[in-house]
Amino acid sequence: MSTGTYTPNPGAAPVGRMIAAQTALETRMLLRNGEQLLLTVIIPSLLLVLFSTVDVVDTGSGEAVDFLAPGVLALAVLSTAFTGQAIATGFERRYGVLKRLGASPLPRWALMTAKTLSVLVTEVLQVVLLTVIALALGWSPQGNPLSVLLLLVLGTAAFSGLGLLMAGTLKAEATLAAANLVFLLLLVGGGVIVPLEKFGAAGDVLALLPISALSDGLRDVLQHGASMPWGDALILAVWAVLGLGAAARFFRWE
């Protein structure tokens with residue numbers, strides 16, 4: 001046995017391994033939280049089934065599920081990247097979790113990366129579940145999957161930036177109330193269930209919201225077979241830059 005075989009060799013793990021471990025932890029915490037599970041899985045699924053099978057909202061010509069499925073996918077991104085992440089991060093900040101993690105070998109940028117990857121993992125599960133439900137209801141998606149992927153990534157970036165901005169600047173209780181209120185307002189007025197045309201002149205303003213851009217963009221691709229709705233993608237990109245930039249500038253760890 002050579003000298004030094006059992007000599008301690010302390011040091012931080014490689015950054016990639018730390019990010020992977022933190023991502024797994026964040027994902028487990030997100031999926032174990034009953035309130036977040038309600039927002040991310042149960043509500044979108046119930047809305048999809050309810051409005052696809054009961055003639056409550058005039059969704060225009062064609063099958064209702066063809067209109068609703070893209071909007072509910074956008075709602076799933078909103079619930080995870082914005083509402084869920086804002087609430088969870090806000091309370092982690094209040095209880096000093098972020099402060100302690102910030103003092104650990106895990107760099108702060110790596111922690112934010114892990115949170116973003118956790119959101120993406122959760123969204124993949126949401127998309128798979130909602131797609132299966134929509135297909136069972138008779139959904140006939142069209143368009144290029146790569147266009148759908150790009151829109152979902154841009155939407156995730158936009159909502160994630162806005163969620164982190166809220167969590168990093170407001171008190172936890174204010175974040176909880178504001179995030180849920182925004183979720184409900186965007187559900188009603190973001191073109192998810194009710195077409196923006198129903199709002200008259202206000203529809204032109206509502207179309208500039210990130211949830212509206214994501215809903216309409218996904219609908220253009222999946223319902224109408226458009227190649228790439230660049231206008232909606234541009235709106236999402238602007239929101240992503242503004243949200244992430246403001247979060248990086250104003251986020252407070254304590």
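Everything that follows concerns the structure shown earlier in this document.
Residues numbered from 1 in each chain as written. Predicted model: local features only at pLDDT ≥ 70, side-chain atom pairs only at ≥ 80, totals over all residues. Heavy atoms only, no water.

## Here's the deal with helix H7 (residues 172–189)
Okay, step 1: In this model H7 runs 25 Å from its N-terminal to its C-terminal C-alpha over 18 residues, within 8% of the 26 Å that 1.5 Å per residue would give.
Okay, step 2: Restricting attention to buried positions, one finds in H7 the residues Ala172, Thr175, Ala179, Phe183, Leu186, Leu187 and Gly189.
Okay, step 3: Once H7 finishes, Gly191 follows within two positions and takes phi at roughly 75°, a positive value. (Helix = DSSP H or I, 4+ residues; strand = E, 2+ residues; numbered from the N terminus. Expected span 1.5 Å × (residues − 1). Buried < 20%, exposed > 50% of the residue type's maximum accessible area, 1.4 Å probe, protein only.)

## A closer look at the packing of aromatic side chains
Geometry of an aromatic ring pair is reported as the spacing of the ring centres plus the angle between the planes.
Okay, step 1: Tallied over the full model, the rule gives one aromatic pair.
Okay, step 2: Just above the ring of Phe67 sits the side chain of Arg219; from NZ or CZ to the centre is 3.8 Å. (Phe/Tyr/Trp six-rings, centres within 6.5 Å; stacked < 30°, edge-to-face > 60°. Lys NZ or Arg CZ within 6 Å of the ring centre and 35° of its normal.)

## Re the environment of Val77
Okay, step 1: Mapping Val77 onto the fold places it in helix H3 (residues 64–94).
Okay, step 2: Note: C-alpha distance between Val77 and Val127 (50 residues apart in sequence) is 8.9 Å.
Okay, step 3: Filtering out sequence-adjacent residues up to four positions away, Val77 remains in contact with Phe82, Glu123, Leu152, Gly155, Thr156, Phe159 and Leu214. (Contact = heavy atoms within 4.5 Å.)

## Considerations on the pattern of salt bridges
Okay, step 1: Evaluated as defined, the whole model comprises four salt bridges.
Okay, step 2: Of the charged contacts in the structure, one is a salt bridge between Lys115 and Glu92, with a shortest N-O distance of 2.6 Å. Taken as a pair, Lys115 in helix H5 (residues 108–136) and Glu92 in helix H3 lie far apart in primary sequence, 23 residues in all.
Okay, step 3: For Lys115, a relative accessible area of 4% translates into the label buried.
Okay, step 4: Across the pair Arg94 and Glu173 runs a salt bridge whose closest N-O atoms are separated by 2.3 Å. In this pair, Arg94 sits in helix H3 while Glu173 sits in helix H7, placing the two residues 79 residues apart along the sequence. (Salt bridge = Lys/Arg side-chain N within 4 Å of Asp/Glu carboxyl O.)

## A few points about the nonpolar core
General note: in soluble globular proteins, nonpolar side chains tend to be found buried as a group.
Okay, step 1: Core analysis: the largest hydrophobic core is formed by 49 residues, its most contacted members being Leu48, Leu78, Leu151, Phe159, Ile193, Leu214 and Leu218.
Okay, step 2: Where this core is concerned, the elements lending two or more residues are helix H2 (34–53), H3, H5, helix H6 (145–169), H7, helix H9 (210–222) and helix H10 (230–250).
Okay, step 3: In terms of residues, this core owes the most to one element, H3, which gives 16 residues.
Okay, step 4: For Leu214, the contacting residues outside a window of four places in its chain are Ala74, Val77, Leu151, Leu152, Gly155, Phe159 and Leu236.
Okay, step 5: By size, the runner-up hydrophobic cluster in this structure holds 12 residues, among which are Leu111, Met112, Ala247 and Phe251. (Core = buried A, V, L, I, M, F, W, Y, C linked by side-chain atoms within 4.5 Å.)

## Looking at the packing of H3 against H5
Okay, step 1: Orientation of H3 relative to H5, taken along the N-to-C sense of each, is 150°, at an axis distance of 10 Å. Overall, the two elements H3 and H5 adopt an arrangement that is roughly antiparallel. For the pair H3 and H5, the crossing hand works out as right-handed. Counting all contacts with H3, which are made through Val65, Ala69, Val72, Leu73, Ala76, Val77, Ser79, Thr80, Ala81, Gln85, Thr89 and Glu92, the residues of H5 involved are Lys115, Thr116, Val119, Thr122, Glu123, Gln126, Val127, Leu130 and Ala134. (Axes fitted to C-alpha atoms, helices over the stretch in contact; angles between N-to-C directions. Parallel < 35°, antiparallel > 145°, perpendicular 65-115°, else oblique. Left-handed = near helix turned anticlockwise from the far one by under 90°.)

These figures come from the coordinates and say nothing about function on their own.
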